[in-house]
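Geometric and topological summary
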Amino acid sequence: MKTLQKTLLALATGSLLTVSAQAAVNYGNGYTGQPYVGAKVGQFDLDIDNADDPTAYGVYAGYNFDPNFGIEAEYVGSDDADYRGGDIDAKTYGAYGTYRYAFPNTGLYAKGKLGVAKTEVEASNTNLGLSDGSRDDTNLAGGVGLGYAVNSDFSVEAEYDMLGDDVDLMTVGAQLKF
């Protein structure tokens with residue numbers, strides 16, 4: 001990942017967490033809101049014939065304004081998957097509005113998210129149907145998931161995201177609320 005991209009991602013995450021912490025102190029109508037950070041692992045589905053789908057690793061941060069609505073930002077990258085003597089690498093950056101529905105008397109919740117994601121797919125072998133060996137798209141993106149709140153500070157989630165043209169992402173992850 002380029003140094004500029006890493007720096008921007010770090011600054012954006014730090015800013016989000018700083019604003020979240022201040023908002024939690026200043027929100028004031030009985031619900032203080034809740035920032036969280038998490039990590040996820042899964043698999044990209046790139047819709048490239050006869051190619052191994054790359055394993056995905058990611059981090060995310062968000063803020064729940066109330067028990068139902070929030071925002072979330074994420075970065076997910078991949079390891080190199082083998083295809084016809086070359087490698088495929090994928091990564092995505094996204095910003096989403098989220099909605100959670102907590103099932104009564106359980107720790108289960110359903111999650112939906114809608115936003116914008118930039119997805120980059122690069123291949124070292126240009127015989128992949130990608131012009132010049134790469135594809136870089138910014139699209140409307142969304143996802144659905146199911147989570148379980150282990151306690152008030154820790155949750156696990158399984159999620160399916162549609163990131164745009166022929167790119168999907170399936171992940172499981174854990175998040176820590178503070």
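Scroll up for the structure.
Residues numbered from 1 in each chain as written. Predicted model: local features only at pLDDT ≥ 70, side-chain atom pairs only at ≥ 80, totals over all residues. Heavy atoms only, no water.

**Quick word on unusual backbone geometry**
Most peptide bonds are trans, and most residues other than glycine sit at a negative phi. We apply this condition: Comment: elements are numbered from the N terminus, with helices defined as DSSP H or I runs of at least four residues and strands as E runs of at least two. Three exposure classes are used, based on accessible area relative to the maximum for each residue type with a 1.4 Å probe and protein chains only: buried under 20%, partly exposed in between, and exposed over 50%.
The phi angle at Asn 105 is positive, at roughly 60°, despite the residue not being glycine. Relative to the elements of secondary structure, Asn 105 occurs in the loop between strand E5 (86-102) and strand E6 (108-123). By relative accessible area, Asn 105 is classed as exposed at 84%.

**Thoughts on the packing of aromatic side chains**
Using the following cut-off: Aromatic contacts are taken between Phe, Tyr and Trp rings whose centres are within 6.5 Å, Trp giving its six-membered ring; a plane angle under 30 degrees counts as stacked, one over 60 as edge-to-face, and the others as tilted. Remark: a charge is flagged as sitting over a ring if the NZ atom of Lys or the CZ atom of Arg is within 6 Å of the ring centre and within 35 degrees of the ring normal.
Scanning the model with the defined rule gives five aromatic pairs in all. Aromatic pair Tyr 36 and Tyr 60: ring centres 6.3 Å apart, planes at 70°, arrangement edge-to-face. Placement of the pair is Tyr 36 in strand E1 (residues 34-45) and Tyr 60 in strand E2 (residues 55-64), with a sequence separation of 24 residues. Its relative accessible area of 0% is what places Tyr 36 among the buried residues. Aromatic side chains Tyr 63 and Phe 65 sit 5.1 Å apart centroid to centroid with 70° between the ring planes, which places their arrangement in the edge-to-face category. Tyr 63 gets classed as buried once you look at its relative accessible area, which sits at 2%. One residue, Lys 40, lies across the ring of Tyr 60, its end atom 4.8 Å from the ring centre. Lying across the ring of Tyr 96, Lys 113 places its NZ or CZ 4.3 Å from the centre.

Function cannot be read off these values alone, since they describe shape.
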